[in-house]
Amino acid sequence: MAETIAVIPGDGIGQEVIPAAIDVLETLDVDFEFVEGEAGDDVLDSRGEALPEATYELAAGADATLFGAAGETAADVILPLREAVGSFANIRPARAYPGVDSLQPETDLVFVRENTEGVYSGIEHEIADGVTTLTRVITDEASRKIAEYGFEYAEANGYDDVTVAHKANVMRTTDGQFLESVESVAEAGGHGYDEALMDALAMHLLLRPEEYGVVICPNLAGDVLSDLAAGLVGGLGLLPSANVGEDNALFEPVHGSAPDIAGEGIANPAATVFSAAMLLEHLGYGGAADRVRGAVEAVLEGGPRTPDLGGEASTDEVTAAIVDRL
Ligand code: GGG
């Protein structure tokens with residue numbers, strides 16, 4: 001029976017890169033039924049809600065979801081969609097590719113980002129005129145879960161170095177909890193790791209990324225550090241991600257809706273196609289995932305490239321080149 005893939009392009013260049021990934025998936029020998037759901041800024045304007053219940057249910061009930069990008073309504077779209085698939089971990093690989101001008105060609109990092117809490121808990125208030133607050137939630141349960149996932153991911157994927165990012169010298173209670181939970185998981189499982197203050201880590205990643213492998217992060221730190229790593233390897237057009245849950249998952253490029261280039265047909269489809277490869281892997285199609293990654297890497301090395309990578313090709317031309325190599 002066909003597997004159902006929820007497809008939610010979202011805003012801006014999401015509308016351009018998701019069709020590219022679907023083109024790629026449709027050339028493979030896999031039995032997927034793609035069901036499109038709407039979400040985002042335009043849906044808020046037309047329907048009064050950025051994420052209709054039907055789209056939430058579509059993601060919750062699908063075998064996997066491919067999501068594009070969110071714009072102004074990110075908090076109302078991405079966070080509930082991650083919840084819909086029960087995601088607790090956001091996996092963001094940042095790798096340098098041959099042929100792509102990288103600041104740091106030795107970069108091979110994977111950010112394992114806690115995906116349910118931290119400052120993304122959505123508990124914000126205006127308590128008086130001009131005075132706002134945000135509650136940062138860090139629990140032992142979620143911190144242990146991300147630590148377990150991070151250590152297992154590192155072992156399964158051959159990464160020797162695991163670093164835990166935190167700011168426990170300032171956020172003593174919340175990041176103190178994060179660190180304590182990670183430590184107890186590491187001790188119980190006999191896992192080695194280093195810890196690093198996230199601000200200093202940002203600098204070290206920039207100067208010596210080759211000394212790092214898997215980076216386990218609280219939610220916001222993972223978002224920020226992975227974007228920094230994108231800058232090391234050629235930009236956000238190259239970074240895919242997987243939002244992993246116990247028995248469901250959502251895949252999306254790390255980049256957002258890019259309103260500056262939306263509608264021009266020049267968005268780099270690589271991040272979304274790499275995300276589709278992660279989806280294939282997740283559903284057990286490891287061979288197809290390898291083929292897709294190989295095709296994208298071949299195009300990055302010697303094929304047409306979009307302007308973010310110094311080329312003049314369109315999204316469609318790069319997609320066609322990827323499909324040709326499959
Ligand atoms: N495709 C991911 C996307 O739309 N990113 C924009 C954004 O605001 N992301 C925040 C996050 O990933 O937590």
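Residues numbered from 1 in each chain as written. Predicted model: local features only at pLDDT ≥ 70, side-chain atom pairs only at ≥ 80, totals over all residues. Heavy atoms only, no water.

As annotated in an unreviewed UniProt entry, the chain carries the name 3-isopropylmalate dehydrogenase and is attributed to Natronomonas moolapensis. As stated in UniProt under Sequence similarities (unreviewed entry), the record for the chain gives "Belongs to the isocitrate and isopropylmalate dehydrogenases family." (UniProt positions renumbered as here; feature names shortened; annotations may be inferred.)

A. Region of the structure containing unusual backbone geometry. Backbone geometry places A258, a non-glycine residue, at a positive phi of 45 degrees. One can find A258 in the loop between β12 (249–253) and α9 (270–282). (Helix = DSSP H or I, 4+ residues; strand = E, 2+ residues; numbered from the N terminus.)

B. Focus on the site of the ligand. Inspection of the region around the ligand gives 15 residues, with A70, R82, R113, P253 and H255 positioned closest. Contacts to the ligand include G68, whose backbone N or O atom sits 2.8 Å from a nitrogen atom. Taking R92, its side chain carries an N or O atom lying 3.0 Å from an oxygen atom of the ligand. Out of a free accessible area of 360 Å², the ligand has 86% covered by protein chains. At the level of elements, β3 (64–69), α4 (74–84) and β12 are the ones that each hand at least two residues to the shell around the ligand. Among the elements that line the shell around the ligand, the one with the most residues is α4, at 3 residues. Both domains that furnish three or more residues to the shell around the ligand are identified here as domain 1 (1–93 + 239–325) and domain 2 (103–233). (Near = heavy atom within 4 Å. Polar contact = N/O pair within 3.5 Å; in protein donor to acceptor, adjacent residues only side chain to side chain. Areas by Shrake-Rupley, 256 points an atom, 1.4 Å probe, with all protein chains shown as cover. Domains from an automatic or database assignment.)

C. Fine view of the environment of N248. In this structure, N248 sits in the loop between β11 (240–245) and β12. Excluding residues within four positions of it along the chain, N248 makes contact with A59, A60, A62, D63, A64, V85, N243 and H282. Polar side-chain contacts of N248 include one of 3.1 Å to the backbone oxygen of A59. Side-chain polar atoms of N248 contact the backbone oxygen of A60, separated by 3.1 Å. (Contact = heavy atoms within 4.5 Å.)

D. Seen up close, the domain arrangement of the chain. Split into domains, the chain comes out as domain 1 (1–93 + 239–325) and domain 2 (103–233). Distance between the C-alpha centres of domain 1 and domain 2: 24 Å. On the side of domain 2, 19 residues touch domain 1, which itself brings 14 residues to the contact. Carbon and sulfur atoms make up 59% of the area that domain 1 and domain 2 hide from each other, which totals about 1,400 Å². The largest share of the area that domain 1 buries against domain 2 comes from F88, I91 and R92, three residues that together contribute 44% of it. The tally of links between domain 1 and domain 2 comes to 2 salt bridges. (Buried area = accessible area lost by both parts, 1.4 Å probe. Salt bridge = Lys/Arg side-chain N within 4 Å of Asp/Glu carboxyl O.)

E. Up close: the confidence of the model for the chain. Here the chain averages 97 in pLDDT, and 100% of its residues register 70 or above. Under the prediction, the complex receives an ipTM of 0.93, its pTM being 0.96. (pLDDT = per-residue confidence, 0-100.)

F. Region of the structure containing the pattern of salt bridges. Under the defined criterion, the tally for this structure stands at 12 salt bridges. Across the salt bridge formed by D175 and R136, the nearest N and O atoms sit 3.0 Å from each other. Linking D175 in helix α6 (residues 174–189) with R136 in the loop between β7 (131–134) and α5 (140–156), this pair joins segments that are 39 residues apart in sequence. Of the two residues, D175 and R136, neither departs from the other in class, the shared state being buried. (Buried < 20%, exposed > 50% of the residue type's maximum accessible area, 1.4 Å probe, protein only.)

G. Molecular detail of the packing of aromatic side chains. By the definition in use, this model includes 6 aromatic pairs. Measuring from ring centre to ring centre gives 5.8 Å for F88 and Y149, while their planes differ by 75 degrees; the resulting arrangement is edge-to-face. With F88 in strand β4 (residues 87–95) and Y149 in helix α5, the pair connects residues that are 61 residues apart, well separated along the chain. According to the relative accessible area criterion, F88 is buried, its value standing at 11%. Taken together through their ring pairs, the aromatic side chains of F32, F34 and Y285 make up a single cluster. One cation-aromatic arrangement involves R113 over Y120; the distance from NZ or CZ to the ring centre is 5.0 Å. Here the basic side chain of K145 rests over the ring of F88, its NZ or CZ set 4.7 Å away from the ring centre. (Phe/Tyr/Trp six-rings, centres within 6.5 Å; stacked < 30°, edge-to-face > 60°. Lys NZ or Arg CZ within 6 Å of the ring centre and 35° of its normal.)

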